[in-house]
Amino acid sequence: MPPVIHESSQKRWQNWHQSYIQKLELLVDVWNEDASQSTVPGYIDTTRGLQGLIQRALTQRLELRGLGGGWSFTKAPATSGILVNTRPLNYLFPAPRTHPAHPGRREDLLFTQCGVSVAELNHFLKRIGKSLTTSGASNGQTIAGAIGTGTHGSNLETGAMQDFVVGLHLVVSPDRHVWLERASAPVINDEIPQKLGAELVRDDALFNAALVGLGGFGLVHGVLMEVVDLYYLQAYRRRMPLTEELWRAFDQLDFSGITLPGPPGLKPYHFTAVINPNDMDRGVFVTVMYKHARCPEGSTPPSPGSKLTQGDNGLEIIGVLTDMVSELTIPLLSRLMDRFYTEYENVCGTHGELFTDTTTRGKAWGSAVAVPLGRVRETVELALAINRAQPFPGLFGLRYTLPSRATLAFTQHAPMTCILDIDGTASTRTKSYNRRVWQQLAKSSIPHTYHWGKFHELDGPAVRGRYGEAHVNAWLEARRTLLPTPELRAAFANDYLRGLGLA
Amino acid sequence: MSKRAAALLCLGLSSACAHYRVQAPGAAGASATEAQGEVLWSLGWGLVQERPRVDNCQDQALAEVTQSTNVGFALISVLTLGLAMPQRVEWRCAKAQPTPGDLGVRPVAPPATAEGP
């Protein structure tokens with residue numbers, strides 16, 4: 001039975017964070033025909049439905065875009081043509097049969113449809129005793145949207161979300177859909193793509209390019225991911241003076257000079273900082289989480305229902321606060337932080353229980369720049385100096401991740417990438433402040449890249465300069481291979497990709 | 001911008017100055033659809049109340065409902081002494097909760113349990 005394709009009458013679409021409104025030709029919701037049970041025939045029928053939408057776009061010479069949570073600040077998911085809302089597509093297929101060469105357990109694999117949200121994943125995985133290795137601080141994104149823009153957490157042992165993905169099912173034309181994975185690490189048993197009617201393509205370059213595909217590689221219908229046994233995080237947040245030793249921790253992840261909150265001798269699994277640049281005399285907030293097989297005795301569970309939760313970062317703080325007050329001034333931000341973003345000790349829960357935010361909206365505006373370890377202090381001091389000259393009501397966040405194998409991942413800096421989030425209210429002051437930081441960074445020698453889903457002012461030459469000629473060329477070549485005709489490439493392009501020189 | 005200026009600007013330009021949003025907590029709050037809405041009228045001091053036509057949720061529940069008003073709606077309510085009271089209501093549908101499936105090649109053996117038969 002074909003999927004239910006509901007055509008909306010609305011001709012305008014707004015992203016989740018309400019940073020822009022896009023005029024469009026058509027918005028469609030795609031629902032599996034039987035939404036109550038994950039079935040292979042239902043999945044295959046939905047693939048055909050997506051192919052029909054691609055045919056319609058080609059016939060009418062319209063662009064086509066898959067829409068996930070709409071969580072991006074940038075116009076990555078926006079189109080003036082057909083916007084395909086994939087959020088209702090949330091089939092789950094745990095433990096698929098694996099390729100004989102795959103060294104892992106099939107129980108550690110989960111195949112899902114594109115529209116499964118990170119929150120849904122956390123919920124389902126806990127029920128079967130499993131967990132994601134990482135996710136962003138908020139979890140309203142869909143899996144396809146999260147990986148497509150390179151969403152990351154601050155887990156010191158893994159990369160960003162796309163780095164736990166080991167297979168992609170891409171619908172690339174009205175008569176072709178492919179199962180893509182690495183040739184160097186085949187995972188799925190050949191029978192499964194056959195059963196889905198997909199062409200099996202094992203190619204490292206294609207797979208790495210399509211991982212952070214910015215919606216430009218066709219419609220991502222399915223994602224195969226590696227998950228891990230359920231673990232618990234013992235979490236602490238403390239306000240600490242910004243000493244030379246803490247700077248060294250931020251810059252090098254060298255914790256030898258400081259006493260981190262929590263039990264001594266344990267290596268942090270998650271480490272992040274939130275800095276209010278206008279209130280540094282009272283210190284900065286450091287959040288540390290330690291991984292355990294079960295919660296240590298004496299720990300307390302996270303409190304559901306509080307406005308800000310243990311895993312929240314700068315963007316969630318600003319989002320929650322701007323939902324409460326329309327105008328966030330520098331003194332008011334400090335006062336509200338005192339009230340709502342507080343220290344805590346020995347709180348323990350699963351990954352999904354600590355990173356719970358599906359509701360943040362508000363009028364937040366944020367950018368994120370990634371730099372290698374060793375250049376973190378220089379970057380933060382550059383941002384602080386600009387704030388001294390032109391203070392803005394906002395926060396800095398520092399998060400860390402291993403470099404990604406995805407061709408255009410912005411978290412690409414070895415040996416470890418630090419992401420400086422700069423989040424504030426959606427005001428002229430915040431935008432102007434960010435622009436100054438970007439200008440100063442461009443003049444500096446600091447290698448840096450920008451989050452695709454947060455604000456930036458990259459153009460074609462800047463993308464090539466920041467992400468590397470070889471990476472950009474490899475990404476474009478992979479796109480030409482998967483979308484071999486100019487018509488297909490035009491259908492899966494949008495203003496965002498054209499502006500970046502990636503269409 | 002001062003609070004007074006912000007309030008004046010809001011009044012002057014407003015399409016919706018006050019929102020009340022109810023969203024299901026946790027995973028249930030991750031909606032399946034974009035916001036869809038309509039203006040509903042309460043007439044005759046509540047004698048006639050319009051109901052929204054929710055036709056896009058495919059038998060699923062609602063994940064979120066937002067009620068908004070603006071200065072125009074408030075004026076209508078005041079000038080008609082409450083005879084006519086418009087409100088804008090928007091909703092987002094909840095996601096289905098499908099049971100997990102099997103890709104169809106040899107089922108996974110159930111895990112051994114400590115409890116015997």
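In this text the structure is predicted, and so the values were computed from the model without any measurement.

About the criteria used
- Residues numbered from 1 in each chain as written.
- Chains lettered and ligands numbered in written order.
- Predicted model: local features only at pLDDT ≥ 70, side-chain atom pairs only at ≥ 80, totals over all residues.
- Heavy atoms only, no water.
- Helix = DSSP H or I, 4+ residues; strand = E, 2+ residues; numbered from the N terminus.
- Rg over C-alpha atoms; globule rule 2.2 N^0.38 Å.
- Buried < 20%, exposed > 50% of the residue type's maximum accessible area, 1.4 Å probe, protein only.
- Contact = heavy atoms within 4.5 Å.
- Areas by Shrake-Rupley, 256 points an atom, 1.4 Å probe, with all protein chains shown as cover.
- Lys, Arg positive; Asp, Glu negative; His and termini not counted.
- Charge placed at Lys NZ, Arg CZ, Asp CG, Glu CD.
- UniProt positions renumbered as here; feature names shortened; annotations may be inferred.
- Pairing = 2+ DSSP bridges.
- Axes fitted to C-alpha atoms, helices over the stretch in contact; angles between N-to-C directions.
- Polar contact = N/O pair within 3.5 Å; in protein donor to acceptor, adjacent residues only side chain to side chain.
- Salt bridge = Lys/Arg side-chain N within 4 Å of Asp/Glu carboxyl O.
- Parallel < 35°, antiparallel > 145°, perpendicular 65-115°, else oblique.
- Nonpolar A, V, L, I, M, F, W, Y, C, P; charged D, E, K, R; others polar.
- Buried area = accessible area lost by both parts, 1.4 Å probe.
- Disulfide = S-S within 2.5 Å.
- Phe/Tyr/Trp six-rings, centres within 6.5 Å; stacked < 30°, edge-to-face > 60°.
- Lys NZ or Arg CZ within 6 Å of the ring centre and 35° of its normal.
- Core = buried A, V, L, I, M, F, W, Y, C linked by side-chain atoms within 4.5 Å.

Take the overall build of chain A next. When helices and strands are tallied, chain A shows 15 helices and 22 strands. Computed over the C-alpha atoms, the radius of gyration of chain A is 22 Å, within 12% of the 23 Å expected from 2.2 N^0.38 for a compact globule of 503 residues. Burial statistics for chain A: of 503 residues in total, 64% are counted as buried. Sequence-distant contacts, at least 24 apart, represent 73% of the contacts inside chain A between residues at least 6 apart. Just so you have it, chain A exposes about 17,400 Å², and 50% of that area is on carbon and sulfur atoms. In chain A, 49 side chains carry a positive charge and 47 a negative one; their mean positions are 4 Å apart.

Right, let's talk about the UniProt feature "domain: FAD-binding PCMH-type" (unreviewed entry) in chain A for a bit. In this numbering, the UniProt entry assigns the feature "domain: FAD-binding PCMH-type" (unreviewed entry) to residues 33-230 of chain A. In residues 33-230 of chain A, the share of helix is 25% and the share of strand is 24%. The end C-alpha atoms are 32 Å apart.

Moving on: the sheet that holds strand 11 (residues 176-181) of chain A. Residue and element names in this part refer to chain A. Here six strands make up an open sheet; going across it, the order is 7-8-13-10-11-12 and the pairing mixed. The open sheet has two edge strands with one neighbour each: strand 7 (92-94) and strand 12 (199-202). Ignoring strand direction, the axes of neighbouring strands in this sheet form an average angle of 20°. The sheet contacts of helix 2 (residues 118-127) involve strand 7, strand 8 (109-113) and strand 13 (219-226), and relative to strand 8 the element is tilted by about 140°. The sheet contacts of helix 13 (residues 469-482) involve strand 10 (165-173) and strand 11, and relative to strand 11 the element is tilted by about 140°.

Before going further, it helps to spend a moment on the side chain of Glu38(B). Residues and elements named next belong to chain B. The residue Glu38 is located in strand 2 (residues 36-43) in this model. A polar side-chain atom of Glu38 sits 3.2 Å from the main-chain amide nitrogen of Arg53. In this structure Glu38 touches Arg51, Pro52, Arg53, Gln87, Arg88, Val89 and Trp91, once residues within four positions along its chain are discounted.

Residues and elements named next belong to chain A. Along the polypeptide, Gln162 turns up in the loop between helix 3 (143-148) and strand 10. Looking at Gln162, the relative accessible area reads 0%, which means it is buried. Setting aside its immediate chain neighbours within four residues, Gln162 contacts Ile147, Gly150, Thr151, Leu211, Val212, Ser404, Ala406, Ala409 and Thr411.

On to the pattern of salt bridges, then. Residue and element names in this part refer to chain A. Evaluated as defined, the whole model comprises 33 salt bridges over all chains. One salt bridge in this structure joins Asp108 and Arg105, with 2.9 Å as the shortest N-O distance. Relative accessible area serves as the criterion here: at 17%, Asp108 is assigned to the buried category. Of the charged contacts, one joins Arg377 and Glu244 as a salt bridge, the two residues approaching to 2.9 Å between their closest N and O atoms. One end of the pair, Arg377, is in helix 10 (residues 376-389); the other, Glu244, is in helix 6 (residues 244-252), and 133 residues separate them in sequence.

Before going further, it helps to examine the packing of helix 6 of chain A against helix 10 of chain A. All names here are of chain A. Where helix 6 contacts helix 10, the axes come no closer than 8 Å and their chain directions differ by 110°. Here helix 6 is positioned roughly perpendicular relative to helix 10, judged by the angle of their axes. In contact with Glu244, Trp247, Phe250 and Asp251 of helix 6, helix 10 contributes Val376, Arg377, Val380, Glu381 and Leu384. Looking at side-chain class alone, the contact of helix 6 with helix 10 contains five nonpolar, no polar and four charged residues.

Taken together, the contacts link 45 residues of chain A with 35 residues of chain B. Both faces combined, the contact of chain A with chain B buries some 3,300 Å², and carbon together with sulfur accounts for 53% of it. Remark: the boundary between chain A and chain B carries two salt bridges. A salt bridge links Arg87(A) to Glu34(B); the shortest N-O distance between them is 2.8 Å. In this assembly, chain A and chain B are joined by 12 residue pairs in polar contact (both at pLDDT 80 or more).

Let us look at the state of the cysteines. Here the structure, examined in full by the defined rule, presents two disulfides over all chains. Paired through a disulfide, Cys295(A) and Cys348(A) show a sulfur-sulfur distance of 2.1 Å. As the torsion about the S-S bond is roughly -90°, the Cys295(A)-Cys348(A) disulfide counts as left-handed. Of this pair, Cys295(A) sits in the loop between strand 17 (284-292) and helix 7 (314-324) while Cys348(A) sits in strand 18 (residues 344-350), and the two are 53 residues apart along the sequence. For Cys295(A), a relative accessible area of 31% puts it in the partly exposed group. Taking the relative accessible area as the measure of exposure, Cys348(A) reaches 4% and is therefore buried. One disulfide bridge connects Cys57(B) with Cys93(B), the sulfur atoms lying 1.9 Å from each other. Since a negative S-S torsion denotes a left-handed disulfide, the Cys57(B)-Cys93(B) link at about -80° is left-handed. Of this pair, Cys57(B) sits in the loop between strand 3 (48-49) and strand 4 (62-69) while Cys93(B) sits in strand 5 (residues 84-93), and the two are 36 residues apart along the sequence. Across the pair, Cys93(B) and Cys57(B) agree in class, each one buried.

The strands making up a sheet are joined through hydrogen bonds of the backbone, oriented either antiparallel or parallel. All names here are of chain A. Read across the open sheet, the eight strands follow the order 18-15-17-16-20-21-19-22; overall the sheet is antiparallel. With partners counted over all chains shown, the strands left at the sheet margins are strand 18 and strand 22 (449-450), one partner each. Strand direction decides the pairing type here: strand 16 (residues 270-275) and strand 20 (residues 394-401), joined by three bridges, are antiparallel. What sits directly across from Val274, in strand 20, is Gly397. Across the sheet, helix 10 lies against strand 16, strand 19 (364-372), strand 20 and strand 21 (417-425), angled at about 170° from strand 20, the strand it touches most.

Residue and element names in this part refer to chain A. With respect to the helices and strands, the residue Leu168 is situated in strand 10. In the structure, Leu168 is positioned 33 residues away from Val201 in sequence and 10.0 Å away in space, judged by C-alpha atoms. When neighbours within four sequence positions are excluded, Leu168 is seen to be in contact with Ile147, Val178, Trp179, Leu180, Phe207, Ala210, Leu211, Val220, Gly222 and Val223.

A separate point is the packing of aromatic side chains. Residues and elements named next belong to chain A. Enumeration according to the criterion identifies 23 aromatic pairs over all chains in this entry. Put simply, the rings of Tyr43, Tyr91, Phe93, Phe111 and Trp179 pair up and form one aromatic cluster. Here the guanidinium or amino end of Arg237 rests over the ring plane of Tyr341, the centre of that ring lying 3.7 Å away. Here Lys291 stacks its cationic end above the ring of Tyr231, 4.9 Å away from the centre of that ring.

On to the nonpolar core. All names here are of chain A. Judged by nonpolar contacts, the single largest core of 132 residues is most densely connected at Leu168, Phe250, Phe271, Phe396, Leu398, Tyr400 and Trp452. Ignoring any residue separated from it by four or fewer positions in sequence, one finds Phe396 in contact with Ala273, Val274, Ile275, Pro277, Val380, Ala383, Leu384, Leu420, Asp421, Ile422 and Tyr433. The next biggest cluster of nonpolar side chains, apart from the first, holds 16 residues, and it includes Tyr91, Phe93, Val187 and Ala198.

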